[in-house]
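Commentary on secondary and tertiary structure
What follows is the residue order along each chain.
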Number of protein chains: 6
Amino acid sequence: MPYVNIKITREQEALTAEQKAALIKGVTDLLVAVINRGPKTTVVVIDEIDTDNYGVGGETITERRSRGQ
Amino acid sequence: MPYVNIKITREQEALTAEQKAALIKGVTDLLVAVINRGPKTTVVVIDEIDTDNYGVGGETITERRSRGQ
Amino acid sequence: MPYVNIKITREQEALTAEQKAALIKGVTDLLVAVINRGPKTTVVVIDEIDTDNYGVGGETITERRSRGQ
Amino acid sequence: MPYVNIKITREQEALTAEQKAALIKGVTDLLVAVINRGPKTTVVVIDEIDTDNYGVGGETITERRSRGQ
Amino acid sequence: MPYVNIKITREQEALTAEQKAALIKGVTDLLVAVINRGPKTTVVVIDEIDTDNYGVGGETITERRSRGQ
Amino acid sequence: MPYVNIKITREQEALTAEQKAALIKGVTDLLVAVINRGPKTTVVVIDEIDTDNYGVGGETITERRSRGQ
């Protein structure tokens, strides 16, 4: 019954529904494979975050992208 | 002074402002009733999540809805 | 299938298992009553936080308690 | 490598990209100054929350604003 | 640079350091495989939660375990 | 009334109560300085995470420390 929250930036090329479904299935399968926790009530929530609102190393992702990183 | 975060799916029939206010009042009252924590600085945040971004049992809620669950 | 996270301070008189069970049942019932979300896969996680690690108004709860608040 | 999540209400006058960048830089610098944690992989995520979805003291911020608070 | 938080119950047989490392590596690899996000600054945090503090379906996991679920 | 959550590793030399208080005061002051949000109900929660439970770049912090990073 684990709970998983994934926060990723919302890029110009948005995540597709298929990619989100693959993340949800993949992380649920991973938890079964590694720690054998029953998957039925595993909950996964994906938060897509604007690049202005996500910072790494003291800079927003928008700033990092503008510098080519 | 508890902090409460509620994550729920954003369905076709959106939550009304009244429902959100009732959740915020209800959970604040519950914390007073059960553990007698002062309500003045209790913070409640409701996150509404797209059904593509919320998974249970390895499937997105979109997939579950399409199967009638 | 909502997910709820409750963060509360860990006080000298600890929460009992009965209080935690009452919070979990109470918030699950509230979600059914207010927005009619199916309770079977509702997940509730309670985090107990040391009073040194919880701040309100720029002060730790430890500091507030020492001033009688 | 700390992780910081900031949740604030989305007001009529939206946060600017400059304000968000200043929050991200400021909190990263604070962590270096106070606890000397390496900033390169410090992650900061800002969530902007509708005032209907944010409650303090059992009321939504929308309700508090309408009463002049 | 995604951020992932995994919350799981702390069971009598604790998670080993190897299992935690496998979860962290596995979820980081999954994010690269599915959405090609650079892994260097991907952050994963695992929270282990007492079974009294984790509820599913309105009951604590402690209660569910005592009923053989 | 912002809410801030800081997750940092629990190192051999633990954070002192003074450092935690400085983080809580510092981030509350930062929010006032940058976005002028009233500090009275600003909530800050610091989570200290075991180095086995915190991963960056696909590795636990324990592994990174053992390699001198």
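See the structure above.
In what follows, the accompanying structure is described. Residue positions are counted from 1 within each chain, in the order its sequence is given. To read the labels, note that chains go from A and ligands from 1, taken in the order they are written. In keeping with the model being predicted, local features are shown solely for residues with a pLDDT of at least 70 and side-chain atom pairs are shown and tallied solely at 80 or more, while totals for entire chains, interfaces and linings include all residues. Derived side-chain values reflect all non-hydrogen atoms in the structure, with water molecules and hydrogen atoms excluded from consideration.

1. Topic: the overall build of chain A
Our working rule: Strands here mean DSSP runs of E at least two residues long; helices mean DSSP runs of H or I at least four residues long; both are numbered from the N terminus. Classification of residues uses two cut-offs on accessible area relative to the type maximum, computed with a 1.4 Å probe and protein chains only: under 20% is buried, over 50% is exposed, and between them is partly exposed. In this description, contact between two residues means that some pair of their heavy atoms is separated by no more than 4.5 Å. Each accessible area is a Shrake-Rupley estimate made with a 1.4 Å probe; only the visible protein chains count as cover when residues are assessed.
Tallying secondary structure elements over chain A gives two helices and four strands in all. Its helices and strands in sequence order give chain A the pattern β-α-β-β-β-α, from N to C terminus. In terms of principal-axis extent, the alpha carbons of chain A reach across some 45 × 25 × 15 Å. Residues counted as buried form 58% of the 69 residues belonging to chain A. Considering only residue pairs separated by 6 or more positions, chain A has 67% of its internal contacts joining residues 24 or more positions apart. As displayed, chain A has an accessible area near 2,900 Å², and 47% of this comes from carbon and sulfur atoms.

2. Concerning the interface of chain B and chain C
The cut-off we apply is this: The buried area of a pairing is the accessible area, by a 1.4 Å probe, that goes missing from both parts when the two are put together, added over both. Put simply, a salt bridge is a Lys or Arg side-chain nitrogen that is within 4 Å of an Asp or Glu carboxyl oxygen.
Tallying the contact residues gives 26 residues for chain B and 26 residues for chain C. Together, the buried faces of chain B and chain C total about 2,300 Å²; carbon and sulfur atoms form 71% of this surface. Three residues, B:Met1, B:Tyr3 and B:Arg37, lead the burial of chain B against chain C; their summed loss comes to 23% of the area buried on that side. At the junction of chain B with chain C, the criterion picks out zero salt bridges.

3. Observations concerning the interface of chain A and chain D
So the rule is basically this: Side-chain atoms alone can form a polar contact between residues adjacent in sequence; in general such a contact is a pair of N or O atoms within 3.5 Å, and within protein one must be able to donate a hydrogen while the other accepts it.
Contacts between the two partners involve 12 residues from chain A and, on the opposite side, 16 residues from chain D. Summed over both sides, the interface of chain A with chain D buries roughly 1,100 Å², with 54% coming from carbon and sulfur. Among the residues chain A hides against chain D, the three largest losses belong to A:Lys7, A:Asn53 and A:Gly58. Together they make up 44% of the total. At the boundary of chain A and chain D, one finds zero salt bridges. For the interface between chain A and chain D, the tally reads five residue pairs in polar contact (both at pLDDT 80 or more). Counting residues per element, the side of chain A that touches chain D draws most heavily on strand 3 (residues 54-56) of chain A, which supplies three residues.

4. A closer look at helix 1 (residues 17-35) of chain E
Residues and elements named next belong to chain E. Applicable threshold: In this analysis, the expected span of each helix is defined as 1.5 Å times one less than the number of residues it contains.
A rise of 1.5 Å per residue sets the reference length of helix 1, with its 19 residues, at 27 Å; its end C-alpha atoms lie 27 Å apart and thus fit the reference within 8%. Here helix 1 has its buried residues at Lys20, Ala21, Leu23, Ile24, Gly26, Val27, Thr28, Leu30, Leu31, Val34 and Ile35. The first or second residue beyond helix 1 is asparagine 36, which carries a positive phi of 55 degrees.

5. Digging into the relation of the copies chain B and chain C
Spelled out, the test is: Overlaid copies result from least-squares superposition on C-alpha atoms, with residues included only where pLDDT is at least 70 in both.
If you rotate chain B by 180 degrees and push it 0.0 Å along the axis, it lands on chain C with an RMSD of 0.0 Å. Taken together, the rotation and translation describe the operation of a two-fold axis. Distance from the rotation axis, computed per C-alpha, reaches its smallest value in chain B at B:Asn5: 2.6 Å. By residue overlap, the copies meet face to face through one surface: 100% of the interface positions of chain B are interface positions in chain C.

6. Things to note about the pattern of salt bridges
All names here are of chain D. Per the counting criterion, the structure on display carries 36 salt bridges over all chains. Linking arginine 10 and aspartate 50 is a salt bridge whose minimum nitrogen-to-oxygen distance equals 2.5 Å. Placement of arginine 10 in strand 1 (residues 3-10) and of aspartate 50 in strand 2 (residues 43-50) is noted, with a sequence separation of 40 residues between them. A relative accessible area of 41% means that arginine 10 is categorised as partly exposed.

7. With respect to the packing of aromatic side chains
The way to describe two aromatic rings as a pair is by their centre distance and the angle between their planes. Operational definition: Paired rings are identified among Phe, Tyr and Trp, the last through its six-membered ring, by centres lying within 6.5 Å, and are further divided according to the angle between planes into stacked (under 30 degrees), edge-to-face (over 60) and tilted (the rest).
Counted according to the given criterion, the structure contains three aromatic pairs over all chains. Measuring from centroid to centroid gives 3.5 Å for A:Tyr3 and C:Tyr3, while their planes differ by 5 degrees, and the two rings are stacked. Separated into two different chains, A:Tyr3 in strand 1 (residues 3-10) and C:Tyr3 in strand 1 (residues 3-10) make up a pair that spans both. The buried category is assigned to A:Tyr3, whose relative accessible area is 2%.

8. Here's the deal with the pairing of strand 2 (residues 43-50) of chain F
All names here are of chain F. Rule in force here: A pair of strands is labelled paired if DSSP reports no fewer than 2 bridges between them. A clockwise path from the first strand over the helix to the second, with the strands pointing away from the viewer, defines a right-handed crossover.
Counting buried residues along strand 2, seven of its eight residues qualify, which places the element largely inside the surrounding structure. As judged from the eight bridges shared by strand 1 (residues 3-10) and strand 2, these two strands associate in the parallel manner. When the sheet's bridge partners are listed, lysine 7 is paired in strand 2 with aspartate 47. Once you follow strand 1 into helix 1 (residues 17-35) and on to strand 2, the crossover reads as right-handed.

9. Quick notes on the packing of helix 1 (residues 17-35) of chain A against helix 1 of chain E
Here is the rule we go by: Inter-axis angles, ranging from 0 to 180 degrees, are taken between N-to-C directions of lines fitted to C-alpha atoms, where helices are fitted over the stretch in contact. By definition in this entry, angles of less than 35 degrees are roughly parallel, angles greater than 145 are roughly antiparallel, angles of 65 to 115 are roughly perpendicular, and the rest are oblique. Throughout, a crossing is termed right-handed when the near helix is turned clockwise from the far one, and left-handed when it is turned anticlockwise from it by less than a right angle. Residues are grouped as follows: Ala, Val, Leu, Ile, Met, Phe, Trp, Tyr, Cys and Pro are nonpolar; Asp, Glu, Lys and Arg are charged; all remaining types, including Gly, are polar.
Interaxial distance between helix 1 of chain A and helix 1 of chain E falls to 10 Å at its minimum, and their mutual angle equals 160 degrees. For the element pair helix 1 of chain A / helix 1 of chain E, the angle class is roughly antiparallel. Along this stretch, helix 1 of chain A crosses helix 1 of chain E, giving a crossing that reads as right-handed. Of the residues in helix 1 of chain E, those touching helix 1 of chain A at A:Gln19, A:Ala22, A:Leu23, A:Gly26, A:Val27, A:Leu30, A:Leu31, A:Val34 and A:Ile35 are E:Gln19, E:Ala22, E:Leu23, E:Gly26, E:Val27, E:Leu30, E:Leu31, E:Val34 and E:Ile35. Each residue belonging to the contact of helix 1 of chain A with helix 1 of chain E can be placed in one class, and the counts come to 14 nonpolar, four polar and no charged.

10. Observations concerning the relation of the copies chain A and chain D
Mapping chain A onto chain D leaves a residual RMSD of 0.0 Å; the transformation is a rotation of 120 degrees accompanied by 0.0 Å of translation along its axis. Given the turn and translation reported, the copies of this chain are related as if by a three-fold rotation axis. Among all residues of chain A, the one whose C-alpha sits closest to the rotation axis is A:Asp47, at a distance of 5.6 Å.

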